[in-house]
Amino acid sequence: MSYQNNIANTGRQEDVVDKYLLDKLQSILLQDERKQLQDLVSHLHNLRLDVEHLSRDVTEIKGGVFTAVDSINNPSQFESKVSPLINMRVQQLKKNFQQEFGYEVKETVKEELEASRDEFIEVLYPIIGKLVQRYVRYQFDIFLENVQKGIGNTFSWKWWKQALTTFITGESMAAKSVKAAMPTQIEEVFVIQTNSGLLLGYYSRSNTTDPDLIAAMLTAIQNFVSDAFKKDSGNLQTIDHENQRIFLHNFYKHYTATVVSGIADTAVNEKLYLALSDFSSKNVPTAITEIDDSLFNGVSRHLREIFEDFDLT
Amino acid sequence: MKSITKKVILTGSFSVGKTSLISRFVYQSFSAEYKTTLGVKIDRKTVELDNCIVNMMIWDIGGEQNQARVPETYFLGSGGVIYVFDISRPSGFSQITDDIAYLTAKLKDVPVVVVGNKIDLLDVVTLEEVKQIIPVSVDFYTSAKEGTNVENVFTHLAQKLVNESQ
Ligand SMILES: Nc1nc2c(ncn2[C@@H]2O[C@H](COP(=O)(O)OP(=O)(O)OP(=O)(O)O)[C@@H](O)[C@H]2O)c(=O)[nH]1
Ligand SMILES: [Mg+2]
């Protein structure tokens, strides 16, 4: 359609121009629409392809699910497929747990404990004994490990280990009868500086332990107890085991740990306390600037003199 | 020869190598595996000096983000402190000044030896660069892994403990 034709066919020039423009416009618009339509069609086509793909995928997945369900229904098959994966992940976690989460765990536990200290104490107080026991066991395990590395396994270490095992598991009936048949006797006495946990003097009937380490460990345990419960009175007073009992007595700047075999009841405890407090006031200096051989040997010698043949009954 | 017994503590942030320094010093061993210390672990080692034998009871304290969080009872009665930080972790450097200030205020007249550990992780040039940005004066740069300077840290402290008590 040409401009000239349009003029010939119609009379009014303006109308012709209008018509022409309208046509042009229409054709442009239509062209556009046609293009859109084409786009739409190709879009739809693609969509259809997608849907076909999808349905194929779904069929495959369905097949997979059926096999999976089969496997689940058949546990041994399922397990054989899944457990290597789980195992691998568990091993990875186990290996890397401390690296990956150690810090977070430690921090979270600490925050939680601090935030609910009061509740914590209330709930835990009845089982504080157990808590302390577990801590003691934990510390002693490490301790034994270290000591065994250093000085080998002696009779005395067996004693400590056994002591601890029974301390944790409680006193057996057999143990009670053994105890009743045993003479009441002082096995060992440790005099320990309260603050530092350093040994000021030591007496032992058999003399085979590493008393320095035991003194420090006992002190760390007491530190733990007083720190966890924010009071000094929460101190450990006795530690029990098969046929022996450790009595702990606090004095001004030191405390004592006395290992007693046989029947070790409150009467024994009181007698011990009196003897130890008398011993302390006479033989343990209060202002100690340095713990050297002469101090240690002096206190130890006095301990031996007094407790070697001490009558506990 | 005279012999004295002292409590020594190793303290510092988490994972800086306190336990490793002790393992190196006491057992001449090193493990790349990391087992965090819960609470406190105690070891002993005797150091023989010219004039005295020092029996060290070494308290290895579980790492804390800052020293104010360490249970105070662990510090009681200590004759010397080894403060350890990790030279390969500059993000921790800002804490060192506060920590040392806290320790010296808490433990008056107790010698504090400052140790930058894990030098094996840095090359010589980087190490020198890092030294420039450490905000406190460092007594020893060590590697628990390779054993560098570890013995010196403890002998130095042992000597200080003897001098203190004279
Ligand atoms: N390359 C290198 N690694 C080290 C060195 N010292 C320690 N490590 C490693 O750093 C990690 C932490 O060491 P530990 O000795 O357990 O650190 P710690 O200060 O006792 O940590 P906490 O007990 O959590 O406070 C371990 O994986 C060690 O093997 C060192 O000198 N060089
Ligand atoms: Mg540690």
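Worth saying up front: this structure is predicted, and the values here are computed from it rather than measured. (Residues numbered from 1 in each chain as written. Chains lettered and ligands numbered in written order. Predicted model: local features only at pLDDT ≥ 70, side-chain atom pairs only at ≥ 80, totals over all residues. Heavy atoms only, no water.)

Caption draft 1: Fine view of a nonpolar patch on the surface. Residues and elements named next belong to chain A. Taken together, the side chains of Leu-85, Ile-86, Met-88 and Val-90 define a hydrophobic patch exposed on the protein surface, amounting to about 380 Å² of accessible area. For Leu-85, the location among the structural elements is in helix H3 (residues 75-115). Taking the relative accessible area as the measure of exposure, Leu-85 reaches 56% and is therefore exposed. (Patch = residues over 30% accessible without salt bridge, like charges linked within 9 Å, V, L, I, M, F, W, Y side chains within 5 Å. Areas by Shrake-Rupley, 256 points an atom, 1.4 Å probe, with all protein chains shown as cover. Salt bridge = Lys/Arg side-chain N within 4 Å of Asp/Glu carboxyl O. Helix = DSSP H or I, 4+ residues; strand = E, 2+ residues; numbered from the N terminus. Buried < 20%, exposed > 50% of the residue type's maximum accessible area, 1.4 Å probe, protein only.)

Caption draft 2: Focus on the packing of helix H9 (residues 266-283) of chain A against helix H10 (residues 293-307) of chain A. Residues and elements named next belong to chain A. At a minimum axis distance of 11 Å, the contact between H9 and H10 shows a crossing angle of 145 degrees. Crossing angle aside, the handedness with which H9 passes H10 is right-handed. Side by side, H9 and H10 meet where Leu-272, Ala-275, Leu-276, Phe-279 and Asn-283 of the first sit next to Val-299, His-302, Leu-303, Ile-306 and Phe-307 of the second. In terms of residue class, the contact of H9 with H10 is built from 8 nonpolar, 2 polar and no charged. (Axes fitted to C-alpha atoms, helices over the stretch in contact; angles between N-to-C directions. Left-handed = near helix turned anticlockwise from the far one by under 90°. Contact = heavy atoms within 4.5 Å. Nonpolar A, V, L, I, M, F, W, Y, C, P; charged D, E, K, R; others polar.)

Caption draft 3: Broad picture of the coordination of the magnesium ion (ligand 2). All names here are of chain B. Every protein donor of the magnesium ion (ligand 2) is listed here as Thr-19 (OG1) and Thr-37 (OG1), and their distances to the metal cover 2.0 Å. Placement of the pair is Thr-19 in helix H1 (residues 18-27) and Thr-37 in the loop between H1 and strand S2 (40-48), with a sequence separation of 18 residues. On the basis of relative accessible area, Thr-19 is assigned to the partly exposed category, the value being 22%. (Donors = N, O, S within 2.8 Å, 3.2 Å for Na, K, Ca; no water.)

Caption draft 4: Representation of H1(B) within the structure. Residue and element names in this part refer to chain B. Of all 10 residues in H1, 7 are buried, a share of seventy percent or more. Regarding H1, the residues found buried are Lys-18, Leu-21, Ile-22, Ser-23, Arg-24, Phe-25 and Val-26. Among the structural elements, strand S1 (2-12), S2, strand S3 (52-61), strand S4 (80-86), strand S5 (112-117) and helix H4 (150-164) are those in contact with the buried residues of H1. Positive phi shows up at Gln-28, right after H1, with a value of about 50 degrees.

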